[in-house]
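Structural overview
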Amino acid sequence: NAGVTQTPKFRVLKTGQSMTLLCAQDMNHEYMYWYRQDPGMGLRLIHYSVGEGTTAKGEVPDGYNVSRLKKQNFLLGLESAAPSQTSVYFCATSTGDTEAFFGQGTRLTVV
Amino acid sequence: GESVGLHLPTLSVQEGDNSIINCAYSNSASDYFIWYKQESGKGPQFIIDIRSNMDKRQGQRVTVLLNKTVKHLSLQIAATQPGDSAVYFCAEKASNTGNQFYFGTGTSLTVIP
């Protein structure tokens, strides 16, 4: 089992460009999350989903959109990237009642 | 809003000593707590968890203590090894916040050989 897989692992964007980060899980978990991690800070929740077809805002949702069309995939979109969105992005999944399992992260740089 | 904080951002210990990492939380409705370990360039990895109906839980070389009265969580690592060097995060979840996990800022543990 792959667990939680994020693609891509690295990306450099120019300000104003758009991109989509993909999270795929084979754990059959209902809950999926997108976090960002900045130096010296913990993980901050961007958006999350409690099941296929659902999405909800987290702590820092501005500038991001998400979609959960299939249970196993959770997409994070940046419509118009800004330097403030330079960060490491982590996807996680959970049953909702137990621990969250994390992917390996996507390092995004916006120049 | 939620706040999960750590008392010490960095901790250095001698190999073989015990380590204690602390965490405070503010939501009295939090009912599930987790400690994660994050090594450089990797995603957080689950270490141990504890639910609010417990005060203590032990794993292999790790113990988590929960004091609900003062909203405090600690992670104890016995006989700390160089491989324990990493950033440790506490996370908490409450049913009244949609089962979202809220993370602390992390403590960087360095083990001195």
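Details of the structure are given in the entry above.
The sections below set out a description of the structure shown in this document. (Residues numbered from 1 in each chain as written. Chains lettered and ligands numbered in written order. Predicted model: local features only at pLDDT ≥ 70, side-chain atom pairs only at ≥ 80, totals over all residues. Heavy atoms only, no water.)

**Quick word on the overall build of chain B**
A count of helices and strands for chain B gives zero helices and 11 strands. Starting at the N terminus, the α and β elements of chain B follow one another as β-β-β-β-β-β-β-β-β-β-β. The C-alpha atoms of chain B give a radius of gyration of 13 Å, which matches the 13 Å a tight globule of 113 residues would have. When the 113 residues of chain B are sorted by exposure, 45% land in the buried category. Sequence-distant contacts, at least 24 apart, represent 54% of the contacts inside chain B between residues at least 6 apart. For chain B, the computed accessible surface area is about 5200 Å², with 47% contributed by carbon and sulfur atoms. Averaged over its 9 positive side-chain charges, chain B has a centre that lies 5 Å from the centre of its 9 negative ones. (Helix = DSSP H or I, 4+ residues; strand = E, 2+ residues; numbered from the N terminus. Rg over C-alpha atoms; globule rule 2.2 N^0.38 Å. Buried < 20%, exposed > 50% of the residue type's maximum accessible area, 1.4 Å probe, protein only. Contact = heavy atoms within 4.5 Å. Areas by Shrake-Rupley, 256 points an atom, 1.4 Å probe, with all protein chains shown as cover. Lys, Arg positive; Asp, Glu negative; His and termini not counted. Charge placed at Lys NZ, Arg CZ, Asp CG, Glu CD.)

**Some points on the pattern of salt bridges**
Enumeration according to the criterion identifies nine salt bridges over all chains in this entry. B:K42 is the partner of B:E39 in a salt bridge, and the nearest nitrogen-oxygen pair spans 3.6 Å. Taken together, the shared-partner salt bridges connect A:R36, A:D38 and A:R44 into one network. (Salt bridge = Lys/Arg side-chain N within 4 Å of Asp/Glu carboxyl O.)

**Focus: the packing of aromatic side chains**
For any pair of aromatic rings, the description consists of the separation of the ring centres together with the inter-plane angle of the planes. As enumerated under the stated definition, the model contains 13 aromatic pairs over all chains in all. Measuring from centroid to centroid gives 6.5 Å for A:F90 and A:F102, while their planes differ by 80°, and the two rings are edge-to-face. Taken together, the residues span a long stretch of sequence, with A:F90 in strand β9 (residues 87–94) and A:F102 in strand β10 (residues 101–102) at a distance of 12 residues. Ring geometry for A:F102 against B:Y36: centres 5.4 Å apart, planes inclined by 85°, an arrangement best described as edge-to-face. Residue A:F102 is found in strand β10, and its partner B:Y36 is found in strand β4 (residues 30–38); the two belong to separate chains. Accessibility assignment for this pair places A:F102 and B:Y36 in one class, buried. (Phe/Tyr/Trp six-rings, centres within 6.5 Å; stacked < 30°, edge-to-face > 60°.)

**Regarding the interface of chain A and chain B**
In this complex, chain A contributes 23 residues to the contact, which on the side of chain B involves 21 residues. In this assembly, chain A packs against chain B so that about 1600 Å² is buried in total across both faces, 51% of it on carbon and sulfur atoms. For the chain A face of the interface with chain B, the top three residues by lost area are A:L43, A:E99 and A:F102, together amounting to 26%. Applying the counting rule to chain A against chain B returns one salt bridge. The tally of links from chain A across to chain B stands at seven residue pairs in polar contact (both at pLDDT 80 or more). Sorting the residues of the side of chain A that touches chain B by element identifies β4 (31–37), β5 (43–49) and β9 of chain A as the ones contributing at least two each. Here the side of chain A that touches chain B takes four residues from β4(A), the largest share from any one element. Of the residues assigned to the side of chain A that touches chain B, the class counts are 10 nonpolar, nine polar and four charged. (Buried area = accessible area lost by both parts, 1.4 Å probe. Polar contact = N/O pair within 3.5 Å; in protein donor to acceptor, adjacent residues only side chain to side chain. Nonpolar A, V, L, I, M, F, W, Y, C, P; charged D, E, K, R; others polar.)

**Things to note about the sheet that holds strand β3 (residues 19–25) of chain A**
All names here are of chain A. Ordered by their spatial adjacency, four strands build an open sheet running β1-β3-β8-β7, and the pairing between neighbours is antiparallel. In this open sheet, the two strands that pair with only one neighbour each are β1 (4–7) and β7 (65–67). Pairwise comparison of adjacent strand axes, ignoring direction, gives a mean angle of 20° for this sheet. In terms of strand pairing, β7 meets strand β8 (residues 73–78) through three bridges, oriented antiparallel. Bridged to V66 within β8 is L76. (Pairing = 2+ DSSP bridges. Axes fitted to C-alpha atoms, helices over the stretch in contact; angles between N-to-C directions.)

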